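# Notes for the structure review
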Amino acid sequence: MNQRFFTVIAKGLKGKERTPYVKLQSEQDDKIELVLLSRDELANWDIDEEVPVVIGSAKSNQSKLT
């Protein structure tokens, strides 16, 4: 299990479907884009907010950041 801190760098709606998303970036320049289930969830995220992210688990090696 690996934990890294990511910073919210962007959020909003994108595409023809207006899908809500949040983009995160770590100090090591790793990037993650989260697709949210609803627009209401965007209110829970703030730009420049630092978020801990756990990558992988003791049970699985499939969730790896490259």
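Data block above holds the structure.
Read on for an overview of the structure. (Residues numbered from 1 in each chain as written. Predicted model: local features only at pLDDT ≥ 70, side-chain atom pairs only at ≥ 80, totals over all residues. Heavy atoms only, no water.)

### Thoughts on the pattern of salt bridges
Per the counting criterion, the structure on display carries two salt bridges. With its nearest N and O atoms 2.3 Å apart, the salt bridge here joins D30 to R4. With a gap of 26 residues between them, D30 in the loop between β2 (19–26) and β3 (31–35) and R4 in strand β1 (residues 2–14) connect regions that are remote in the sequence. Residue classification places D30 among the buried positions, given a relative accessible area of 12%. Given the relative accessible area of 22%, R4 is considered partly exposed. (Salt bridge = Lys/Arg side-chain N within 4 Å of Asp/Glu carboxyl O. Helix = DSSP H or I, 4+ residues; strand = E, 2+ residues; numbered from the N terminus. Buried < 20%, exposed > 50% of the residue type's maximum accessible area, 1.4 Å probe, protein only.)

### Digging into the pairing of strand β4 (residues 50–55)
Walk down a regular strand and you will see the side chains alternate between the two sheet faces. Side-chain alternation along β4 places V51, V53 and I55 on a buried face and E50, P52 and V54 on a face that remains uncovered. Judged from the six bridges that link them, β1 and β4 form a sheet pairing that is antiparallel. Within β4, the position partnered with R4 by the bridge is V53. (Pairing = 2+ DSSP bridges.)

### Notes on the pairing of β3
Judged from the five bridges that link them, β2 and β3 form a sheet pairing that is antiparallel. When the bridges of β3 are listed, Y21 appears paired with V35. Between β2 and β3, which pair antiparallel in sequence order, lie four residues; one of them, D29, sits at a positive phi of approximately 70 degrees.

Any functional reading would require information that these geometric values do not contain.
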